[in-house]
Amino acid sequence: MMVHTKSRILGTVAVGEEGKGMEDSGEGSKTTFDEYISGITFFRPPAPPNAALEAGLARALAEYREWAGRLGADDARGDRAIILSDAGARFVEATADVALAASMPALLEPAPAVADLHPSAAAGASDELLMVQVTRFACGTLAVGHTMSHAVGDGHAACNFLLAWGQATRGVPIDPAPVHDRASLFLPRVPPRVEFDHRGVEFKPPRPRPHGGKASCGGGGDADDDLVVVHRAHFTRDMLSELRSRASSSAPAPRQYSTTTCLVAHLWRCITRARGLGGGTVTRLRVAVNGRARINDAPRVPEGYTGNVVLWAWPAATARELVEDGPPWRAAELVSQAVARVDGGYFRSFVDFAVSGAVEREGLVPAADAAEKVLSPDVEVDSLLHAAFCDVDFGGGRPFLFMPGYLPNEGSVFILWSFSGDGGVSAYVPLFSRAMERFKECCYSLATGDARL
């Protein structure tokens with residue numbers, strides 16, 4: 001597949017006092033990954049012309065000025081801030097010289113070619129906080145790729161912006177309306193109450209990086225084995241139901257674990273087995289927890305909040321406990337308990353700690369490190385099941401496929417609804433090639449999982 005591109009910086013429509021203003025980046029951005037998140041949405045023809053997409057984007061940026069701004073610093077405190085400069089977003093127009101069907105194998109089993117369909121966010125390459133690419137295939141299919149700074153917003157906020165872009169292109173009101181007040185939503189309590197230990201969770205002491213050598217996921221291997229490959233694992237509705245039934249029914253006390261919890265636990269176990277970790281090796285699972293529905297006291301975080309409201313749950317176990325000695329319900333219980341602990345009180349405690357001055361006094365840094373490209377022995381699972389990417393509509397109807405951008409970070413998994421129409425879920429799993437075949441063997445075998453991996 002040959003993709004030809006041309007790009008330019010697209011400004012907003014008139015917004016009044018252009019080039020002025022600043023937004024605090026919010027407490028959530030102090031610990032989030034300082035990286036870009038990408039995704040690609042595919043639409044069947046007929047699709048609106050590029051001029052309509054461009055005009056809609058400019059209108060959406062006028063309502064979401066953060067994405068047209070630049071990162072800077074608050075002169076008063078030195079904290080990171082979003083400069084509302086209306087400097088613009090990058091708009092890339094592209095054409096592919098083949099029909100989409102010719103590229104589908106690489107898309108369904110993600111390969112580096114996928115990166116041609118969303119803008120690159122190579123370190124230092126640009127300072128735009130939003131980059132989009134519209135690619136038209138020879139068959140008329142439209143692919144809309146986005147690359148967005150995580151420092152501005154989380155996956156939920158990014159999805160809201162894409163929905164707004166579609167609404168602005170169609171000429172309908174933007175819903176939900178964006179809420180930009182990042183400071184007053186997360187004021188510390190009086191007096192502050194740091195009720196949980198946030199050191200080693202959201203913050204950590206700075207550590208010197210090791211010199212030379214590659215991180216290992218267990219076992220030997222030559223240079224080819226160090227290649228990270230991405231597999232799209234598809235779980236049908238029946239398989240998900242069976243996973244949930246087996247975990248819930250085998251628990252010593254009556255429990256009804258959620259489908260997502262059971263799938264996340266299953267992926268954690270299978271990845272741990274596939275890596276061939278030693279039995280005593282501790283593996284942690286990082287699960288993103290959206291605080292919008294968990295912060296129940298005033299002020300509530302509205303649906304249209306444009307920033308980051310994500311912290312992490314960290315269940316942990318030794319590899320032996322997880323895949324040899326522990327039954328399937330045990331992993332689901334570890335995940336369920338850890339996620340439940342990250343409640344509204346935990347989020348408020350985090351805010352109080354983040355502004356207490358302890359981070360600055362102790363020289364702590366965010367635990368979320370975008371430079372970590374190999375997570376083994378740990379695993380990260382980010383769920384996009386509650387983000388409405390399937391509702392993005394530029395005027396030609398909803399997409400027939402959505403997928404995350406090509407991000408081969410070993411052990412960093414994305415799960416999202418399958419577009420196959422069977423009510424199933426797709427998991428995009430990046431692992432070293434030497435571990436992938438073992439992962440495939442156990443990930444689809446419920447009997448193997450039930451019999452201890």
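Above this text you will find the structure in question.
For every chain, the first residue of its written sequence is number 1, and the numbers climb from 1 along that sequence. With pLDDT at 70 or above as the cut-off, local features in this predicted model cover only qualifying residues; side-chain atom pairs require 80 or more to be listed or tallied, and sums for whole chains, interfaces and linings still use all residues. Hydrogens are left out, water is left out, and the side-chain values use all remaining heavy atoms of the structure.

Asks: So what's going on with the overall build of the protein? Which residues, and what values?
Replies: Secondary structure counts use DSSP, requiring at least four H or I residues in a row for a helix and at least two E residues in a row for a strand, with both numbered from the N terminus. Within the protein, the regular secondary structure consists of 11 helices and 18 strands. Within the protein, buried positions represent 53% of all 453 residues. Long-range pairs, those at least 24 residues apart, make up 81% of the contacts in the protein between residues at least 6 apart in sequence. Accessible surface area values rest on a Shrake-Rupley calculation with a 1.4 Å probe, where residue burial reflects the displayed protein chains alone. Accessible surface, the protein as shown: approximately 19,000 Å² in total, 54% of it carbon and sulfur. Buried, partly exposed and exposed residues are distinguished by accessible area as a fraction of the type maximum, computed with a 1.4 Å probe on protein chains only: under 20%, between the cut-offs, and over 50%, respectively. Contact definition: two residues touch when any of their heavy atoms are within 4.5 Å.

Asks: So what's going on with the nonpolar core? Residues and values would help.
Replies: Residue types Ala, Val, Leu, Ile, Met, Phe, Trp, Tyr and Cys, when buried and joined through side-chain atoms within 4.5 Å, form a set referred to as a nonpolar core. Among the nonpolar cores identified, the biggest contains 65 residues, and F235, L267, I415 and F439 are the most heavily contacted of them. If one sorts the elements of this core by residue count, helix α5 (residues 259-275) sits on top with 9 residues. Ranked by size, the runner-up nonpolar core spans 56 residues in total, among them F42, Y64, F91 and V132.

Asks: If you had to explain unusual backbone geometry to someone new, which residues and values would you point to?
Replies: A cis amide bond links P45 to the next residue, P46, at an omega of 0 degrees. Mapped onto the secondary structure, P46 falls in the loop between β3 (36-43) and α1 (50-63). With phi around 55 degrees, D86 is a residue other than glycine that occupies positive phi space. Note on placement: D86 falls in the loop between β5 (80-83) and β6 (89-96).

Asks: Help me get a handle on empty space enclosed by the protein, residues and values and all.
Replies: The distinction between a cavity and a pocket rests on a 1 Å grid over the protein atoms alone: a 1.4 Å probe fits inside a cavity but cannot get out, while a pocket stays open yet meets protein on both sides within 12 Å along at least five of seven lines, and a residue with an atom within 4 Å of a point counts as lining. Grid points are joined across faces, edges and corners, and a volume is the space filled by probe spheres set on the points. Tallied over the entire structure, the rule returns 5 cavities of 30 Å³ or more. If you trace the second largest cavity, you find it lined by P110, V114, V230, M403, P404, G405, Y406, L407, S412, F414, Y428 and P430. Looking at the lining of the second largest cavity, the elements that each hand over two or more residues are β16 (401-404), β17 (412-417) and β18 (425-432). Looking at the lining of the second largest cavity, its residues break down into 10 nonpolar, 2 polar and no charged. Each residue is assigned to one of three groups, with Ala, Val, Leu, Ile, Met, Phe, Trp, Tyr, Cys and Pro labelled nonpolar, Asp, Glu, Lys and Arg labelled charged, and all others, Gly among them, labelled polar.

Asks: Quick one: what's the story with the pairing of strand β11 (residues 282-290), residue by residue and with numbers?
Replies: By this definition, two strands are paired if DSSP reports at least two bridges between them. Sheet topology places β11 next to strand β13 (residues 316-318); 3 bridges connect them, and they run antiparallel. Its bridge partner lying in β13, R284 is registered against A316. Pairing between β11 and strand β15 (residues 379-383): 3 bridges, direction parallel. Paired with R286 across the bridge in β15 is E380. Sheet topology note: the β11/strand β12 (residues 310-313) ladder contains 4 bridges and is antiparallel. Its bridge partner being in β12, V289 is matched across the sheet by L311.

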